Amino acid sequence: MTAMTEPTIDTAQLAHLQTWQGKSETLSDTLTAAPVDALSATLDRDDPAPAAGTALPPLWHWLYFLPHARQSEIGPDGHPRRGGFLPPVPLPRRMWAGGRLRWEAANPLQVGQEVQRQSTIQSVKHKAGRTGELLFVLVEHQYRNAQGLALTEEHDIVYRSAAQPGDPAPAPQKPPLDGQAAWSRTITPDDVLLFRYSALTFNGHRIHYDRKYVTEVEGYPGLIVHGPLIATLLLDLLRRSLPGAQVARFDFRAVRPTFDLHPFSVHGKPSADGKTVELWAQDHEGWLTMQGTATLF
């Protein structure tokens, strides 16, 4: 049993962090073709060359609105230093824990469009768990093109305490639909795949490429596969299996880290009426790592 430690975030600090609730920022970007072409290659797809008017596949908007922090503003974990739009949370480990997305059927995001993203911090919540402190930040993003609202996204960010020797490991879970997949694909998360996705998303977080840092500082056994990459691979499996399907909603949550030490797999099972698809990822031991539900138009 590990000894209890004093909280890093006391009542006054939490109140300060919660002053970020309601904070908004609006950014603009152009949905250029080059990142779409590059992600297609990274996912080993044989897509036609994107051109103006090509619909952006679901979740590929994550290739845009990337933070461009100056090198002097980068923190020790490779992320921009805490503060600015997101609150300056003192907990060292930061993760993309999940999200909920809703696309507008009549107004798809397309290559060539000028798009605005309005981001608002909806909530900042603190929790003390068996493995230490957790702080949850919920951010809503609304994407608008010349025709109006195209996509609404809720993004869950979790900050955690540093790993301590003897911390209890969360109990692994089997996928609820284990053994019932209609579609499956095995992914080998080698260094090149992780590097290419980090480069495409301008993600300097060292847990994805710096093995010495991730094992010695953050206490993980290997490089961590990006949560957004796994989510993208889940919807990519849907696109490969149902090429004509249009995704209206996607709700997903990360359950367990995936490391580059072994291949992992993505799976899908459509409902009997074809309106929803259950999607999940599991590691080489069969444990659930990400779970999602896609609703189709």
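Further up the page is the structure itself.
Report follows, based on the coordinates. Just so it is clear, the model here is predicted, and its values are computed rather than measured.

## As for the overall build of the protein chain
Thinking step 1. A tally of helices and strands in the protein chain yields five helices and ten strands.
Thinking step 2. In summary, the protein chain has a C-alpha radius of gyration of 19 Å against a globular reference of 19 Å for 297 residues, a match within 12%.
Thinking step 3. By principal-axis analysis of the C-alpha atoms, the protein chain measures approximately 55 × 45 × 35 Å.
Thinking step 4. When the 297 residues of the protein chain are sorted by exposure, 43% land in the buried category.
Thinking step 5. Considering only contacts in the protein chain between residues 6 or more positions apart, those separated by 24 or more positions represent 72%.
Thinking step 6. In the protein chain, which carries 28 positive and 31 negative side-chain charges, the distance between the mean positions of the two groups comes to 3 Å.

## Brief notes about the side chain of Ser 198
Thinking step 1. The residue Ser 198 is located in helix 3 (residues 191-200) in this model.
Thinking step 2. Residues in contact with Ser 198, not counting those within four places in the same chain, are Asn 203, His 208 and His 226.

## Brief notes about the sheet that holds strand 8 (residues 264-270)
Paired through backbone hydrogen bonds, the strands of a sheet run either parallel or antiparallel to each other.
Thinking step 1. Pairing is antiparallel across the open sheet formed by ten strands, whose spatial order is 1-3-4-5-2-7-10-9-8-6. Only two strands of the sheet have a single neighbouring strand rather than two, namely strand 1 (24-30) and strand 6 (183-187). Each strand axis lies, on average, 20° off the axis of its neighbour in the sheet, ignoring direction.
Thinking step 2. Relative to strand 7 (residues 247-254), strand 2 (residues 93-103) runs antiparallel, the two being bridged by five bridges.

## Focus on helix 5 (residues 227-241)
Thinking step 1. Between the first and last C-alpha of helix 5 there are 21 Å, a value that for 15 residues agrees with the 21 Å anticipated at 1.5 Å per step.
Thinking step 2. Every buried residue of helix 5 is accounted for by Gly 227, Pro 228, Leu 229, Ile 230, Ala 231, Thr 232, Leu 233, Leu 234, Leu 235, Asp 236, Leu 237 and Leu 238.

## Some details on the pattern of salt bridges
Two side chains carrying opposite charge are able to pair once their charged atoms lie near each other.
Thinking step 1. The tally for this structure, following the rule as stated, stands at 13 salt bridges.
Thinking step 2. Notably, a salt bridge pairs Asp 236 with Arg 45, separated by 2.7 Å at the nearest N-O pair. Of the two residues, Asp 236 sits in helix 5 while Arg 45 sits in the loop between helix 2 (33-42) and strand 2, which places them 191 residues apart along the sequence. By the burial criterion, Asp 236 is buried, and Arg 45 matches it.
Thinking step 3. Across the pair Asp 156 and Arg 100 runs a salt bridge, and its minimum N-O distance is 2.8 Å. Of the two residues, Asp 156 is situated in strand 5 (residues 148-160) and Arg 100 in strand 2; the sequence distance between them amounts to 56 residues.

## Digging into the pairing of strand 9 (residues 276-282)
Thinking step 1. Counting buried positions along strand 9 yields five of seven residues, so the element is predominantly enclosed.
Thinking step 2. One ladder, built from six bridges, connects strand 8 with strand 9; its direction is antiparallel. Residue Val 266 lies in a different strand from strand 9, and its bridge partner there is Ala 281.
Thinking step 3. Here strand 8 folds back onto strand 9, and the loop between the two strands holds five residues, one of which, Gly 274, carries a positive phi near 75°.
Thinking step 4. Here strand 9 folds back onto strand 10 (residues 288-296) in antiparallel fashion, the turn holding five residues, of which Gly 286 has a positive phi close to 90°.

## Side note on the packing of helix 2 against helix 3
Helix-helix packing is described using two parameters, namely the angle between the two axes and the distance between the axes.
Thinking step 1. Running from amino to carboxyl end, helix 2 crosses helix 3 at an angle of 165°, the nearest separation of the two axes being 10 Å. Compared by their axis directions, helix 2 and helix 3 come out roughly antiparallel. Crossing of helix 2 against helix 3: the hand is left-handed. In contact with Pro 35, Ala 38, Leu 39, Ala 41 and Thr 42 of helix 2, helix 3 contributes Leu 193, Arg 196, Tyr 197 and Leu 200.
Thinking step 2. Broken down by class, the residue content of the contact of helix 2 with helix 3 amounts to seven nonpolar, one polar and one charged.

## Quick notes on the environment of Leu 194
Thinking step 1. Structurally, the position occupied by Leu 194 is in helix 3.
Thinking step 2. Placed 180 residues apart in sequence, Leu 194 and Leu 14 show a C-alpha to C-alpha distance of 34 Å.
Thinking step 3. When sequence neighbours within four positions are dropped, the list of residues in contact with Leu 194 reads Pro 189, His 208, Leu 223, Ile 224, Val 225, His 226, Leu 229 and Asp 260.

## Here's the deal with helix 2
Thinking step 1. Among all positions in helix 2, only Pro 35, Val 36, Leu 39, Ser 40 and Thr 42 are buried. When helix 2 is viewed along its axis, its buried side chains cluster within an angular range of 160° and face the same direction.
Thinking step 2. Buried-residue contacts for helix 2 involve helix 3.
Thinking step 3. Positive backbone phi, approximately 60°, marks Asp 44, located one or two places after helix 2.

Conventions we followed
Residues numbered from 1 in each chain as written. Predicted model: local features only at pLDDT ≥ 70, side-chain atom pairs only at ≥ 80, totals over all residues. Heavy atoms only, no water. Helix = DSSP H or I, 4+ residues; strand = E, 2+ residues; numbered from the N terminus. Rg over C-alpha atoms; globule rule 2.2 N^0.38 Å. Buried < 20%, exposed > 50% of the residue type's maximum accessible area, 1.4 Å probe, protein only. Contact = heavy atoms within 4.5 Å. Lys, Arg positive; Asp, Glu negative; His and termini not counted. Charge placed at Lys NZ, Arg CZ, Asp CG, Glu CD. Pairing = 2+ DSSP bridges. Axes fitted to C-alpha atoms, helices over the stretch in contact; angles between N-to-C directions. Expected span 1.5 Å × (residues − 1). Salt bridge = Lys/Arg side-chain N within 4 Å of Asp/Glu carboxyl O. Parallel < 35°, antiparallel > 145°, perpendicular 65-115°, else oblique. Left-handed = near helix turned anticlockwise from the far one by under 90°. Nonpolar A, V, L, I, M, F, W, Y, C, P; charged D, E, K, R; others polar. Arc of directions from axis to C-beta.

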